[in-house]
Amino acid sequence: MSWTREQVHVTVAAYLGWTLDAFDFFLMVFILKDIANEFSVKIPDVAFAISLTLFMRPLGALIFGRLADKFGRRPTLMVNIIAYSVLELLSGFSTSLTMLLILRGLFGIAMGGEWGVGSALTMESIPPKSRGLVSGILQAGYPSGYLLASLVFGGLYQHIGWRGMFFVGVIPALLVLYVRSHVPESPAFQVMEKRERVGLLKTIQHNWKLSVFAIILMTCFNFFSHGSQDLYPTFLREQHHFDPHTVSFITVVLNIGAIVGGLTFGRFSEKIGRRRAIFIAALLALPFIYVWAFSTTVGMLALGAFLMQISVQGAWGVIPVYLNEISPDEIRATFPGLVYQLGNLLASVNAVWQAKIALAHDGNYSIALATIAGTVAVIIAAIILFGPERRGIDMTQTAKVVPGGATT
């Protein structure tokens, strides 16, 4: 099925929204050491800012999701983008660790809203047969943002310092101009806003089994991604003592692998199903863990990072379409983002856990990285096949879904 110009603009805007959101988030993972030195604290103390950002994201998913379900996806997305951009800028003016933590918490609220609103807008707007591919494109925005942050760190960090890294993060605000001039409202929202809709709590109560399943799944997924990405630059700097250019190179390669994985498995899911694609991608991580976490040369670490992220973001590449398809239609802008970010909340301890595990093993981050990634890869593969699947559903039609695949 051919695409309209509006559908292309919606996809581009949602991809860029998530790319730039992730860009602002990942700018910080490169400068934990510098912030710790600035405020005379230890790296785990600063890593708590990452956990705090993740901790606050469910609140953002709830706030912005409800706004999008009530007032529309498009205006909510614009407000969301401005919010996370401004808070990123303000982070660079922090005069204490406490001030930085407060700002990163507020940033987490803004970050938590973008994914659910953007993915709902896109999945409701594009042809159903394109959802798998576009799901991979949308989720590729996350490693794309990481890649951009890697390039900024490698090219600008030595000139602008850690505060300048945050100042660069205001650039995403310009995306609002594009959304305002080129992106239409979701056709499904325009249909559903004319209906009498059930409230959030009643809808979740009616679909409580689905909600519990989705939260558990997304907790594992967030341990999978954050456990393999957030402290990887610190691992390269602290354990291997690589310079910024080398760290930047490896993380660029890492994110190229992530983009390849997301696009490949997103599209693959259109043929073999969402659950099977996630199952295969998750298990693919197991043979790559040793090269990724225990290699000692730049070349092998880059290769391991590339292969590992094909698996991690390959599984993630299916998530935007999977959660939007199984979501109750009345709360589609809220449900996918909320369960995703509640998973983030439960996995928000990851950065601190991994930092403490490393310190307990004389600075050996390899053990911390491998333990988390290997464990959750197996758990994801074990539980995904018990979930529902509604590949290709009409998103303007209401259906009740329960784990196990039943649809009524």
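Summarised in this report is the structure supplied together with it. (Residues numbered from 1 in each chain as written. Predicted model: local features only at pLDDT ≥ 70, side-chain atom pairs only at ≥ 80, totals over all residues. Heavy atoms only, no water.)

All right, on to the overall build of the chain then. Helix and strand counts for the chain come out as 19 helices and two strands. Scaling as 2.2 N^0.38, a compact globule of 408 residues should have a C-alpha radius of gyration of about 22 Å, and the chain matches this with 20 Å. In the chain, which comprises 408 residues, the share counted as buried stands at 62%. About 14900 Å² of surface is accessible on the chain, with carbon and sulfur atoms providing 68% of the total. (Helix = DSSP H or I, 4+ residues; strand = E, 2+ residues; numbered from the N terminus. Rg over C-alpha atoms; globule rule 2.2 N^0.38 Å. Buried < 20%, exposed > 50% of the residue type's maximum accessible area, 1.4 Å probe, protein only. Areas by Shrake-Rupley, 256 points an atom, 1.4 Å probe, with all protein chains shown as cover.)

This part is about helix 4 (residues 73-91). Helix length check: helix 4 (19 residues) gives 27 Å between terminal C-alpha atoms against 27 Å at 1.5 Å per residue, within 8%. Tucked into the core, helix 4 has its buried residues touching helix 1 (5-26), helix 3 (43-71), helix 5 (97-123), helix 6 (131-168), helix 7 (175-182) and helix 8 (187-192). (Expected span 1.5 Å × (residues − 1). Contact = heavy atoms within 4.5 Å.)

Each pair of aromatic rings is reported with the distance of its centres and the angle of its planes. Throughout the structure, instances matching the rule amount to 18 aromatic pairs. Ring geometry for W18 and Y340: centres 6.2 Å apart, planes at 75°, overall edge-to-face. Taken together, the residues W18 in helix 1 and Y340 in helix 17 (residues 335-346) connect sequence positions 322 residues apart. Given the relative accessible area of 2%, W18 is considered buried. Chaining the aromatic ring pairs together yields one cluster made of W18, F25, F26, F30, W115, Y142, Y146, F153, Y157, F221, W316 and Y340. Geometry around F107 places R104 over its ring, the cationic atom sitting 4.3 Å from the centre. (Phe/Tyr/Trp six-rings, centres within 6.5 Å; stacked < 30°, edge-to-face > 60°. Lys NZ or Arg CZ within 6 Å of the ring centre and 35° of its normal.)

Should the charged atoms of two oppositely charged side chains come close, the side chains can pair. For the structure on display, the rule yields 10 salt bridges. A salt bridge links D69 to R73; its shortest N-O distance comes to 2.9 Å. The same class applies to D69 and to R73, which are both buried. For E389, the salt bridge is made with R275, and the minimal N-O distance between the two is 3.2 Å. Of the two residues, E389 sits in the loop between helix 19 (365-384) and strand 1 (401-402) while R275 sits in helix 13 (residues 274-283), which places them 114 residues apart along the sequence. Owing to a relative accessible area of 18%, E389 belongs among the buried residues under this scheme. Judged by relative accessible area, R275 falls into the partly exposed class, the value being 22%. Residues participating in the shared-partner salt-bridge network are R66, D69, R73 and E124. (Salt bridge = Lys/Arg side-chain N within 4 Å of Asp/Glu carboxyl O.)

What follows concerns the environment of G161. Along the polypeptide, G161 turns up in helix 6. Looking at G161, the relative accessible area reads 23%, which means it is partly exposed. The spacing of G161 and I31 is 130 residues in sequence and 8.9 Å in space, taken between C-alpha atoms.

Let us look at unusual backbone geometry. Negative phi is the rule for most residues except glycine; trans is the rule for most peptide bonds. Despite not being glycine, S40 shows a phi value in the positive range, around 55°. Positive phi outside glycine occurs at H241, with the angle close to 60°.

As a further point, take helix 19. Given a rise of 1.5 Å per residue, 20 residues ought to cover 28 Å, and the 29 Å separating the end C-alpha atoms of helix 19 matches this to within 8%. Measuring from the backbone nitrogen of S366 back to the side-chain oxygen at the start of helix 19 gives 3.0 Å, which picks out N364 as the cap. (Polar contact = N/O pair within 3.5 Å; in protein donor to acceptor, adjacent residues only side chain to side chain.)

Here we take up the packing of helix 12 (residues 244-272) against helix 13. As a packed pair, helix 12 and helix 13 sit with axes 7 Å apart at the nearest point and diverge in direction by 135°. Taken together, the axis directions place helix 12 and helix 13 in an arrangement best described as oblique. In terms of crossing hand, the pair formed by helix 12 and helix 13 is right-handed. In this structure, helix 12 contributes F265, F268, S269, E270 and I272 to the contact, and helix 13 contributes R274, R276, A277, I280 and A281. (Axes fitted to C-alpha atoms, helices over the stretch in contact; angles between N-to-C directions. Parallel < 35°, antiparallel > 145°, perpendicular 65-115°, else oblique. Left-handed = near helix turned anticlockwise from the far one by under 90°.)

Right, let's talk about the packing of helix 1 against helix 7 for a bit. The N-to-C vectors of helix 1 and helix 7 enclose an angle of 160°; their axes lie 10 Å apart at closest approach. Comparing their axes, helix 7 and helix 1 come out roughly antiparallel. The way helix 1 lies across helix 7 gives a crossing that is left-handed. For the pair helix 1 and helix 7, the contacting residues are H9, V12, A13, L16, G17 and L20 in the first and L175, Y178, V179 and H182 in the second. The residue inventory of the contact of helix 1 with helix 7, partitioned by class, reads seven nonpolar, three polar and no charged. (Nonpolar A, V, L, I, M, F, W, Y, C, P; charged D, E, K, R; others polar.)

Nonpolar side chains collect at one region of the surface, where I82, V86, L90, F93, M99 and F167 lie side by side and expose about 470 Å² of accessible area between them. Ranked by residues supplied to the nonpolar patch, first place goes to helix 4 with three residues. Position of L90 among the secondary structure elements: in helix 4. With relative accessibility at 36%, the residue L90 sits in the partly exposed group. (Patch = residues over 30% accessible without salt bridge, like charges linked within 9 Å, V, L, I, M, F, W, Y side chains within 5 Å.)

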